[in-house]
Amino acid sequence: MAVLLTEDLFMVEFPLNLLPEGVQEGMVLDMEVRRNEGQERLRRDQLKRLHEEVAAWTHQHVATFSQNAHPSPARVSGGALVTGEETARTPGSLAHELEEAAVEAGMETAERP
């Protein structure tokens, strides 16, 4: 972390990897922070897709499991739920894809418990 001082002497801790290469103590930096509405829309759309996938998966599998008094053992393999002959993508697989895309785009993601 780097400690930056604003013109009015507020201290701001800032990740070194987000500063330009070669920055050294005593240099003056200009920075701009602006809203990214395009990324906001993208994240809203991704969250909506994830919500719809979770709802569809839950609806499909709750109905399937409630019809079978003794469903076959299930296992999760690579983001897919495998039950007997049936394989379905789990909601967590889309969440994992979104997290990977965020990391690739340089966005921070919340750590999982």
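Residues numbered from 1 in each chain as written. Predicted model: local features only at pLDDT ≥ 70, side-chain atom pairs only at ≥ 80, totals over all residues. Heavy atoms only, no water.

A. Quick peek at the overall build of the chain. Across its full length, the chain carries two helices and five strands. Burial statistics for the chain: of 113 residues in total, 17% are counted as buried. Residue pairs in contact within the chain that sit at least 24 positions apart in sequence constitute 30% of those at least 6 positions apart. Put simply, the chain shows about 9800 Å² of open surface, and 54% of that area lies on carbon and sulfur atoms. (Helix = DSSP H or I, 4+ residues; strand = E, 2+ residues; numbered from the N terminus. Buried < 20%, exposed > 50% of the residue type's maximum accessible area, 1.4 Å probe, protein only. Contact = heavy atoms within 4.5 Å. Areas by Shrake-Rupley, 256 points an atom, 1.4 Å probe, with all protein chains shown as cover.)

B. Representation of the pairing of strand E2 (residues 11-14) in the model. In this structure, strand E1 (residues 2-5) lies alongside E2, joined through four bridges in antiparallel fashion. The residue bridging Ala2 from the neighbouring strand is Phe14, located in E2. Here E1 folds back onto E2, and the loop between the two strands holds five residues, one of which, Leu9, carries a positive phi near 65 degrees. (Pairing = 2+ DSSP bridges.)

C. Representation of the pattern of salt bridges in the model. Counted by the stated rule, this structure contains one salt bridge. The residue Glu40 makes a salt bridge to Arg35 at a minimum N-O spacing of 2.7 Å. The class of Arg35 is exposed, set by a relative accessible area of 61%. (Salt bridge = Lys/Arg side-chain N within 4 Å of Asp/Glu carboxyl O.)

D. Quick look at unusual backbone geometry. Of note in the backbone geometry, Leu9 takes a positive phi value of approximately 65 degrees without being a glycine. For Leu9, the position within the fold is in the loop between E1 and E2.

E. Representation of the environment of Met11. Relative to the elements of secondary structure, Met11 occurs in strand E2. By relative accessible area, which is 62% here, Met11 ends up exposed. In contact with Met11, other than residues within four places in its own chain, are Val3, Leu4 and Leu5.

F. Broad picture of the confidence of the model for the chain. The predicted model of the chain averages 75 in pLDDT, with 58% of residues at 70 or higher. For residues 85-89, every residue scores under 50 in pLDDT, and the model assigns this stretch 18 contacts once sequence neighbours within four places are set aside. (pLDDT = per-residue confidence, 0-100.)

G. Structural view of the environment of Leu29. Considering the arrangement of structural elements, one finds Leu29 in the loop between E2 and helix H1 (37-67). Sequence spacing of Leu29 and Thr6 is 23 residues, and the spatial spacing of their C-alpha atoms is 9.6 Å.

H. The arrangement of the environment of Leu19 in detail. One can find Leu19 in the loop between E2 and H1. Residue Leu19 is classed as buried on the basis of its relative accessible area, which comes to 11%. Considering only alpha carbons, one finds Leu19 and Met31, twelve residues apart in sequence, at a separation of 9.8 Å. Leu19 has contacts with Ala2, Leu4, Phe14 and Leu29, leaving out every residue within four places of it along the chain.

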